2 protein chains.
Amino acid sequence: MVEKEISQAVIGRLPRYFRYLGELKDQGVERISSQELSELMQVTASQIRQDFNNFGGFGQQGYGYNVDLLYREISKILGLDKTHNLIIIGAGNLGQALGNYMNFERRGFILKGLFDKNETLIGKKVRGIPVRGMDEVEQFIRENNIDIAVLTIPKTSAVEVAEILVQNGIKAILNFAHVDLNVPKGIQVENVHLSDSLMKLSYNLERYNKETKK
Amino acid sequence: MVEKEISQAVIGRLPRYFRYLGELKDQGVERISSQELSELMQVTASQIRQDFNNFGGFGQQGYGYNVDLLYREISKILGLDKTHNLIIIGAGNLGQALGNYMNFERRGFILKGLFDKNETLIGKKVRGIPVRGMDEVEQFIRENNIDIAVLTIPKTSAVEVAEILVQNGIKAILNFAHVDLNVPKGIQVENVHLSDSLMKLSYNLERYNKETKK
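### Quick look at unusual backbone geometry
Now for step 1: Even without being glycine, A:Gln42 reaches a positive phi, approximately 60°.
Now for step 2: Tracing the chain through its elements places A:Gln42 in the loop between α2 (34-41) and α3 (45-53).
Now for step 3: A residue is classified by how much of its surface remains accessible, and A:Gln42, at 69% relative accessible area, is exposed.
Now for step 4: Backbone geometry at B:Asn145 places phi at a positive 55°, although glycine is not the residue there.
Now for step 5: With respect to the element layout, B:Asn145 can be found in the loop between α7 (137-143) and β8 (148-151).

Listed below in structure tokens is the structure:
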């Protein structure tokens, strides 16, 4: 049982550990030293030990880490041993791409519904699930025990829609709209601002070009 | 002219400043104090001053920041005063969503081509640009001065495809494949791992639930 407060930086690294451990598990690897994991993941062994110490360590001196145990523990810490019901607001290309993304389902995020205000999209099916009109969303959230909403709508309506979602019981939002949402304390928001990633890339590209030209 | 090395944490925050300043500019705001910007963006005024000090400050005592000047300077730092030619590898739902995303174009990222190995997608148009077969990608990169590739293909082929792209002159990759790419030093990679964001959300959701139940 994890009770200690863990920094968001560590939390941000957990999914990557989880991914590597899952791949090792699939390859039949039973144990791995922090040194080997360090080389594989290109982070320092000391970083790995420090990160894992946040939730009890998992390592045995001279033995290394038990891959399966570590995988299951991180899974539990991330809450992936439970299922979460999820809806997607905005059934355009991005919403459909996410709806079709089976990896979510494998991790316990169950797509229950998609919503859009665009009449031409309503009724269209994504993995067998029909796109519904926005007028149905409030009742749907309340009746289907939905805790996560994925927002793939333009920024002009995102703030307003987020408020409605929260009022009806949504606890966490994965936000692709290029705007910061204004939600009450306790509502979890994770922003995926695609332009921001591209801008960061652009900066690093310019920076590198300048340095190599010196 | 920026010559100092700026930390990736600061760089990661620049797009958000850029977005807020762009909105202020659109609203006709000419100047803003670090205090006002702090309240608007929900970060401390000292953080803002510290961040801006990395590239010369921009502020005047008792006057605040000149919004337009600051906007243009950050734009220049991010390399947004230049254009970058971009291709998308993988023209499925996600690739098409990104291809249709006009915000990229507004920031100087010009979509030049989309590629897919799926025969049924080849020839399909996204914003007037036809999806081409993967056999054309190498020549296309060399002949069209492409520096950025967006990877929206499954992880099974992403590592191999990234190598081919880099061999033909790609300098930066926005990677949506759920795998770490193995690229030579100097090639810029920005990962957008959508499952990771969802897992982080899941952790914070669990954490909050536990805390409120105490």
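Further notes follow.
### A few points about the sheet that holds strand β10 (residues 188-191) of chain A
Now for step 1: On the basis of which strands lie adjacent, the open sheet formed by seven strands has the order β6-β7-β5-β4-β8-β9-β10 (chain A) and mixed pairing. Since the sheet does not close on itself, it has two edges, and those belong to β6 (125-126) and β10 of chain A, each with one partner.
Now for step 2: Where strand β5 (residues 109-116) of chain A lies against strand β7 (residues 129-133) of chain A, three bridges are found, and the strand directions are parallel. Its bridge partner lying in β7(A), A:Asp116 is registered against A:Gly133.
Now for step 3: Its contacts with the sheet put helix α8 (residues 155-167) of chain A on β4 (84-89), β8 (148-151) and β9 (172-175) of chain A, and the angle it makes with β8(A) is roughly 170°.
Now for step 4: Sitting on the sheet, helix α9 (residues 194-213) of chain B touches β4, β5, β8, β9 and β10 of chain A, and the angle it makes with β10(A) is about 165°.

### Some thoughts on the nonpolar core
Soluble globular proteins tend to pack their nonpolar side chains together in the buried interior.
Now for step 1: Membership of the largest hydrophobic core comes to 98 residues, with the highest contact counts inside it found for A:Phe52, A:Ile74, B:Phe52 and B:Ile74.
Now for step 2: If we skip the residues at most four places from it in the chain, A:Ile74 touches A:Leu14, A:Tyr17, A:Phe18, A:Leu21 and A:Phe52.

### With respect to the packing of aromatic side chains
Now for step 1: Summed over the entire model, instances satisfying the criterion amount to eight aromatic pairs over all chains.
Now for step 2: Ring plane angle 10° and centroid distance 4.5 Å describe the contact between A:Phe18 and A:Tyr71, whose orientation is recorded as stacked. Here A:Phe18 is found in helix α1 (residues 8-26), whereas its partner A:Tyr71 is found in helix α4 (residues 67-77), with 53 residues between them in sequence.
Now for step 3: A:Phe18 sits in the buried class, given a relative accessible area of 3%.
Now for step 4: Ring geometry for B:Phe115 and B:Phe140: centres 5.2 Å apart, planes at 70°, overall edge-to-face. Of the two residues, B:Phe115 is situated in strand β5 (residues 109-116) and B:Phe140 in helix α7; the sequence distance between them amounts to 25 residues.
Now for step 5: On the basis of relative accessibility, which here comes to 11%, the residue B:Phe140 falls in the buried class.
Now for step 6: Aromatic rings pair up to connect A:Tyr17, A:Phe52 and A:Tyr65 into one cluster.

So, how was this worked out
- Along each chain, numbering runs from 1 in the same order as the chain's sequence is written.
- Here every chain gets a letter starting at A, and every ligand a number starting at 1, in the order they are written.
- With the structure being a predicted model, the display of local features is reserved for residues of pLDDT at least 70 and the display and counting of side-chain atom pairs for 80 or more, all residues being used for whole-chain, interface and lining totals.
- As a rule here, side-chain values come from all non-hydrogen atoms in the structure, and water together with hydrogens is ignored.
- Helical segments are the DSSP runs of H or I of at least four residues, strand segments are the runs of E of at least two, and each set is numbered from the N terminus.
- In this scheme, a residue with accessible area under 20% of its type's maximum is buried, one over 50% is exposed, and one in between is partly exposed, where area comes from a 1.4 Å probe on protein chains only.
- Two strands qualify as a pair provided that DSSP identifies no fewer than 2 bridges between them.
- Contact between two residues is taken to exist if any of their heavy atoms lie within 4.5 Å; hydrogens are not considered.
- All axes are obtained by fitting lines to C-alpha atoms, using only the stretch in contact for helices, and the reported angles, taken between N-to-C directions, cover 0 to 180 degrees.
- Throughout this description, the term nonpolar core refers to a set of buried Ala, Val, Leu, Ile, Met, Phe, Trp, Tyr and Cys residues connected via side-chain atoms within 4.5 Å.
- Aromatic contacts are taken between Phe, Tyr and Trp rings whose centres are within 6.5 Å, Trp giving its six-membered ring; a plane angle under 30 degrees counts as stacked, one over 60 as edge-to-face, and the others as tilted.

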